[in-house]
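The chain contents come next:
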Amino acid sequence: MTSTTAAAPEVAPFRLFDLTVVRTRRLGPSILRITLGGPGSEGFRGGGRDQSLTLLLPRPGRRQAVIPAGGAGTWYERWRALPGDERAVLRSYAVRAQRSRPDGSTEIDLDFVLHGDGGPASHWARAAAPGDRLTVAGPAGPDNTAVRFRPPADTDWVLIRADETALPAAAAVLEWLPAGLPARVWLEVPRTEDRQALNTAAKARIRWLVRGEGAACGVEAVHAAELPGGTPYAWVAGEASGVRALRHHLVRERGFAPERVTSTTYWTRGCGGEQALAAESAAATAGSGTADRRKAERMDQAARQGGKADNPRTREDRAE
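Residues numbered from 1 in each chain as written. Predicted model: local features only at pLDDT ≥ 70, side-chain atom pairs only at ≥ 80, totals over all residues. Heavy atoms only, no water.

Helices and strands together make up the secondary structure of the protein, namely seven helices and 13 strands. Looking at the 320 residues of the protein, the share that counts as buried comes to 49%. Of the contacts formed within the protein by residues at least 6 apart in sequence, a portion of 73% connects residues at least 24 apart. As presented, the protein carries roughly 14,900 Å² of accessible surface, and 49% of it is formed by carbon and sulfur atoms. (Helix = DSSP H or I, 4+ residues; strand = E, 2+ residues; numbered from the N terminus. Buried < 20%, exposed > 50% of the residue type's maximum accessible area, 1.4 Å probe, protein only. Contact = heavy atoms within 4.5 Å. Areas by Shrake-Rupley, 256 points an atom, 1.4 Å probe, with all protein chains shown as cover.)

Next up, the structure:
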């Protein structure tokens, strides 16, 4: 007697999920939490820490996002094939938390900073209400490339610096850290009321830097700090110029090994909604020259790995 077992299909690391807004809640003057879930969330499997996903948002002036239909290729390849002035706007956000429900669905918390620039994400978040639908490109397995916080096994202590856009990821990282691991943490927020209660079993020293109170920025605060001895790992995230400056300081002036500093750009000062949309259209239709083709290829890779293609969250953990 013989038996045959069909080979298990390969699970794509990222795929589209059609989610529903479950509830919304203000966390402070600048931050809004939106919980997504519903029947379309089955199979969402994030890896915690700074796990990110990609939102497919309506373009300005449209009520609904134009989503790539099924077919050959990745979701991102199908998205790029849509007309540039119609296809959904892509924005990347960290998963603040995820919870399995008794019915098999998953609830996903996303925290939105309500910028004054009127960008697509802020515009959508301000108007979001229970029952609204949103498509996201998210992970189908916990070990995926959109989890960037990966301290080596020999790490003695960690350094975390985040502004308000990276606060959800920093909070999730703190929850993940092993009990007793020393951590030095600097978190920048616009207003006093934007501070949050954070849970961690790590031996963490957390300093809130409130810009409305005249606090120093994270770069200045770390410059002035006395850091522990031992083998460090650093995770630095937020606005592009601050991320670059702090990475330079840690590697060049503090002697951190470049591979032990993960630095991620969440946004770029001066690049608001219209500028980002223009950059998206130019980059997504690139191809006339070698540099443009390489940019498009990088964007393809970023989107397949869970990052956003327009103004992507850029990893800067290269050698200095």
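Still more to cover.
This brings us to the sheet that holds strand S1 (residues 14-26). With antiparallel pairing, seven strands are arranged side by side in an open sheet as S4-S3-S7-S1-S2-S6-S5. Each edge of the open sheet carries a strand with a single partner, namely strand S4 (89-94) and strand S5 (97-100). For this sheet the average axis-to-axis angle between neighbouring strands, irrespective of direction, equals 35°. (Pairing = 2+ DSSP bridges. Axes fitted to C-alpha atoms, helices over the stretch in contact; angles between N-to-C directions.)

As a further point, take the pairing of S1. With seven bridges joining them, S1 and strand S7 (residues 133-139) adopt antiparallel strand pairing. Within S7, the residue paired with Arg15 across the bridge is Gly138. Examined bridge by bridge, S1 and strand S2 (residues 31-37) share six bridges and lie antiparallel to one another. Residue pairing across strands places Thr20 opposite Gly37, the latter belonging to S2. Following S1, the chain reverses through four residues before pairing antiparallel with S2.

All right, on to the nonpolar core then. Formed by 25 residues in total, the largest nonpolar core has its most connected members in Phe149, Val158, Ile160, Leu177, Trp235 and Tyr266. Counting only elements with at least two residues in this core, the list comes to strand S8 (157-162), helix H3 (167-176), strand S9 (182-189) and strand S11 (232-239). Examining the composition of this core, we find that five residues originate from one element, H3, more than from any other. Membership of the second largest hydrophobic core comes to 23 residues, among which are Leu36, Phe44, Ile108 and Ala125. (Core = buried A, V, L, I, M, F, W, Y, C linked by side-chain atoms within 4.5 Å.)

We now examine the pattern of salt bridges. Tallied over the full model, the rule gives 13 salt bridges. Between Glu188 and Arg161 there is a salt bridge; the shortest N-O distance is 2.7 Å. Of this pair, Glu188 sits in strand S9 while Arg161 sits in strand S8, and the two are 27 residues apart along the sequence. Glu164 serves as the salt-bridge partner of Arg211, at 2.6 Å between the closest nitrogen and oxygen. Residue Arg211 is located in the loop between strand S10 (203-210) and helix H4 (218-224), and its partner Glu164 is located in the loop between S8 and H3; the two are separated by 47 residues in the primary sequence. The exposure class assigned to Arg211 is partly exposed, which follows from its relative accessible area of 40%. (Salt bridge = Lys/Arg side-chain N within 4 Å of Asp/Glu carboxyl O.)

The next subject is the side chain of Asp194. For Asp194, the location among the structural elements is in the loop between S9 and S10. Among buried charged residues, Asp194 stands out as having no salt bridge; its nearest opposite-charge side chain is Arg191, 5.5 Å away. When sequence neighbours within four positions are dropped, the list of residues in contact with Asp194 reads Gly28, Pro29, Ser30, Ile31, Leu167 and Val189. (Lys, Arg positive; Asp, Glu negative; His and termini not counted.)

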